[in-house]
Amino acid sequence: MVRKATANRYNIPLRLVLTEENWRDFLPLTWMRPLWELRLGAMTLRERAEAFWGARASPLPARDWLGLAREAPDGEIILSRSDFLPLEPAPELGPGAALFSHEGEPIAVRTSAPASSEGLFALARGARERVEIKAMVVGRFWNLVHMNPTALSIDMENAEPVARGDVDARAVLLGRVSVEDGARIYPGVVVDGEEGPVFIGRGSILMPNAFVGGPAYIGENCLIKAGARIYGGTTLGPVCKIGGEVSETIIQGFSNKQHEGFLGHAYLGEWVNLGAGTEVSDLKNTYGTIRAWLDGEMADTGLMFLGPTIGDHSKTGINTTITTGAVIGVFANLVGSGISPKFVPSFSWGYPDFSEYRLEEAIEVARRVMARRGVEMTPVYENTIRKVFELTRPERTA
């Protein structure tokens, strides 16, 4: 159901190279992964870029601490960003041409490999030819959740209703619902695909009386608990446990929100755990636009609805209340009373008075948590944690 990349359409050999020059605009979600691995709709940003260009991508990471191979491109290449949602097919670009969205945002440039060191944005500004297409550029982390309903509808527009999994006769499937092999849907479940398609991945379980409304994407081996309500615009990566009420939210994967409580217009990284009774706000009492922490300063998002953005390995204690548009770093632990601040530094513990989360303890807990899901912490991943701990130290000392 997820569109795969096809053969390269160009008459001469061209390589697709993805760049992440603007990765800091997606913090804290990009501390532990490259920008192109973030989810939007039913795909990662990388998968969508590959499908758009019809070619497999050679990543060009901007950071060495992620342990990614930095492939040196040669010859002519398409140097492309990944944080965009195309609304029409890719055009062919002539040598030196740049692709822009209809709103004037640079998307890609066809260039020679040595010139690519100048960066996409600089090359696009000086391009000899400018080509425009209808496309939505993400640009900032908060736009991911607001573009998600549109992305889901586009990604699954050709999905056929099919129930390959074990669907109980007392469950109700409405409209366009795809249930993969190995998934199980218990009695009393309602999956409503009439307002948008719903995809339920292999090995996922929907317990009795759960509700899922479309458009929605539930990845592999997720557990949707009894009585859970998942509303349209929601993407769940693999191995998530979800209870309570979730709306227009993206969860990268391997994260838990098992208990009652509302989660809306939010983005959660991996290995996040929300304690029982955790509640979030995604709307100000004034109905005004929401300000959010963006790489060291507060910025006006221009949005009326925005819930929390939570980095990898962060956790909340029971009955935690998270304020509108809060940004919570990686390896943060919210254990306290009252309403959370707008920004919670990475590797911090408690609130309203924070202390630093000891690095060795953070690593050991993460190792234990990952092992429970059959994932081994690699030396590269551990080194990434150590590097991010040092890089985020200014957040905790400011």
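Data block above holds the structure.
This is a predicted model, so every value here is computed, not measured. (Residues numbered from 1 in each chain as written. Predicted model: local features only at pLDDT ≥ 70, side-chain atom pairs only at ≥ 80, totals over all residues. Heavy atoms only, no water.)

Participant: Can you lay out the overall build of the protein for me, pointing to particular residues and giving the numbers?
Facilitator: When its secondary structure is counted, the protein shows six helices and 39 strands. What you see for the protein is a C-alpha radius of gyration of 21 Å, in line with the 21 Å of a compact globule of 398 residues. When its C-alpha atoms are laid out on the principal axes, the protein stretches across 55 × 55 × 45 Å. Sequence separation of 24 or more characterises 48% of the internal contacts of the protein that already satisfy a separation of 6 or more. Carbon and sulfur atoms form 50% of the exposed surface of the protein, whose accessible area is close to 16,200 Å². Across the protein, the 41 positively charged side chains and the 48 negatively charged ones have centroids separated by 3 Å. (Helix = DSSP H or I, 4+ residues; strand = E, 2+ residues; numbered from the N terminus. Rg over C-alpha atoms; globule rule 2.2 N^0.38 Å. Contact = heavy atoms within 4.5 Å. Areas by Shrake-Rupley, 256 points an atom, 1.4 Å probe, with all protein chains shown as cover. Lys, Arg positive; Asp, Glu negative; His and termini not counted. Charge placed at Lys NZ, Arg CZ, Asp CG, Glu CD.)

Participant: I'd love a proper account of the side chain of arginine 81, names of residues and values included.
Facilitator: Assignment of secondary structure puts arginine 81 in the loop between strand S5 (76–80) and strand S6 (84–86). Within the local environment of arginine 81, its side chain forms a polar contact with the side chain of aspartate 83, the two groups lying 2.8 Å apart. A distance of 2.7 Å separates a polar atom in the side chain of arginine 81 from the backbone oxygen of proline 106. Among all residues touching arginine 81, those that are not within four sequence positions of it are Leu18, Thr19, Asn22, Glu105, Pro106, Ile107, Leu120, Phe121, Val137 and Gly139. (Polar contact = N/O pair within 3.5 Å; in protein donor to acceptor, adjacent residues only side chain to side chain.)

Participant: Outline the sheet that holds strand S8 (residues 106–112), supporting the account with residue identities and numerical values.
Facilitator: Taken in spatial order, the six strands make up an open sheet running S4-S1-S5-S8-S7-S9, and their pairing is mixed. Every other strand in the sheet has two partners, leaving strand S4 (57–60) and strand S9 (129–133) as the edge strands with one partner each. Each adjacent strand pair in this sheet contributes to an overall mean axis angle of 25°, direction not counted. Pairing geometry for strand S7 (residues 97–101) and S9, over five bridges, is parallel. Within the sheet, the bridge partner assigned to serine 101 lies in S9 and is isoleucine 133. Sheet contacts for helix H1 (residues 45–53): strand S1 (15–19), S4, S5, S7, S8 and S9; angle to S1, the most-contacted strand, approximately 150°. (Pairing = 2+ DSSP bridges. Axes fitted to C-alpha atoms, helices over the stretch in contact; angles between N-to-C directions.)

Participant: For the side chain of serine 314, give the residues involved together with the corresponding values.
Facilitator: The residue serine 314 is located in the loop between strand S32 (309–310) and strand S33 (315–316) in this model. Here phenylalanine 331 takes part through its backbone nitrogen, which lies 3.3 Å from a polar atom of the side chain of serine 314. Ignoring any residue separated from it by four or fewer positions in sequence, one finds serine 314 in contact with Trp271, Val272, Asn273, Ile328, Gly329, Val330, Phe331 and Ala332.

Participant: Go over the environment of alanine 42, please, and point to the residues and values.
Facilitator: Here alanine 42 lies in the loop between strand S2 (39–40) and strand S3 (43–44). Taking C-alpha positions, alanine 42 is 11 Å from threonine 150, a pair spaced 108 residues apart along the chain.

Participant: Before we move on, can you summarise helix H4 (residues 359–371) with the specific residues and values?
Facilitator: Between its first and last C-alpha, H4 extends 18 Å over 13 residues, near the 18 Å set by a 1.5 Å rise per residue. Buried residues along H4 sit against S33 and helix H5 (379–391). (Expected span 1.5 Å × (residues − 1).)

Participant: Can you tell me about the nonpolar core, naming the residues and giving the values?
Facilitator: Membership of the largest hydrophobic core comes to 37 residues, with the highest contact counts inside it found for Ile200 and Ile224. The dominant element in this core, judged by the number of residues it contributes, is strand S15 (residues 190–200), at three residues. When residues no more than four places from it in sequence are discounted, the contact partners of isoleucine 224 are Ile205, Leu206, Met207, Ala210, Ile218, Ile230, Leu236 and Ile242. (Core = buried A, V, L, I, M, F, W, Y, C linked by side-chain atoms within 4.5 Å. Buried < 20%, exposed > 50% of the residue type's maximum accessible area, 1.4 Å probe, protein only.)

Participant: An account of a nonpolar patch on the surface is requested, with residue identities and associated values reported.
Facilitator: Judged by side-chain polarity, Tyr287, Met304 and Phe305 come together as a nonpolar surface patch covering roughly 290 Å² of accessible area. Topologically, phenylalanine 305 is positioned in the loop between strand S31 (297–300) and S32. (Patch = residues over 30% accessible without salt bridge, like charges linked within 9 Å, V, L, I, M, F, W, Y side chains within 5 Å. Salt bridge = Lys/Arg side-chain N within 4 Å of Asp/Glu carboxyl O.)

Participant: Summarise the environment of leucine 303; cite the residues concerned and give the values.
Facilitator: Checked against the element boundaries, leucine 303 lands in the loop between S31 and S32. Put simply, leucine 303 and serine 281 are 22 residues apart on the chain and 13 Å apart in space, counted from C-alpha to C-alpha. The residues touching leucine 303, leaving out its near neighbours within four places in the chain, are Trp142, His146, Gly288, Thr289 and Ile290.

Participant: Summarise the pattern of salt bridges; cite the residues concerned and give the values.
Facilitator: A complete count under the given rule lists 24 salt bridges for this structure. Here glutamate 132 ties to arginine 130 by a salt bridge, and the two come within 3.4 Å at their closest N and O atoms. On the basis of relative accessibility, which here comes to 46%, the residue glutamate 132 falls in the partly exposed class. Accessibility expressed as a relative area gives 48% for arginine 130, which makes it partly exposed. With its nearest N and O atoms 2.7 Å apart, the salt bridge here joins glutamate 360 to arginine 386. Pair noted here: glutamate 360 is in helix H4 and arginine 386 is in helix H5, with a separation of 26 residues, a long-range link. A relative accessible area of 27% means that arginine 386 is categorised as partly exposed.

Participant: Provide a residue-level description of the pairing of S5, including the pertinent values.
Facilitator: Across the five residues that make up S5, a large majority, four, are buried. Relative to S5, S1 is paired through four bridges, and the arrangement is parallel. Across the sheet, residue leucine 18 finds its bridge partner in S5, namely serine 80. Sheet topology places S5 next to S8; five bridges connect them, and they run antiparallel. Paired with leucine 79 across the two strands is valine 109, which belongs to S8.

Participant: An account of the packing of aromatic side chains is needed here, citing residue identities and associated values.
Facilitator: One pass over the full model with this rule turns up 13 aromatic pairs. On the numbers, 4.8 Å between centres and 5° between planes, the contact of phenylalanine 331 with phenylalanine 347 is stacked. Linking phenylalanine 331 in the loop between strand S35 (327–328) and strand S36 (333–336) with phenylalanine 347 in the loop between strand S37 (343–344) and strand S38 (348–351), this pair joins segments that are 16 residues apart in sequence. Taken together through their ring pairs, the aromatic side chains of Trp23, Trp31 and Trp65 make up a single cluster. The residue whose ring lies beneath arginine 63 is tryptophan 23, and the NZ or CZ to ring-centre distance is 4.1 Å. Lying across the ring of phenylalanine 100, arginine 130 places its NZ or CZ 3.8 Å from the centre. (Phe/Tyr/Trp six-rings, centres within 6.5 Å; stacked < 30°, edge-to-face > 60°. Lys NZ or Arg CZ within 6 Å of the ring centre and 35° of its normal.)

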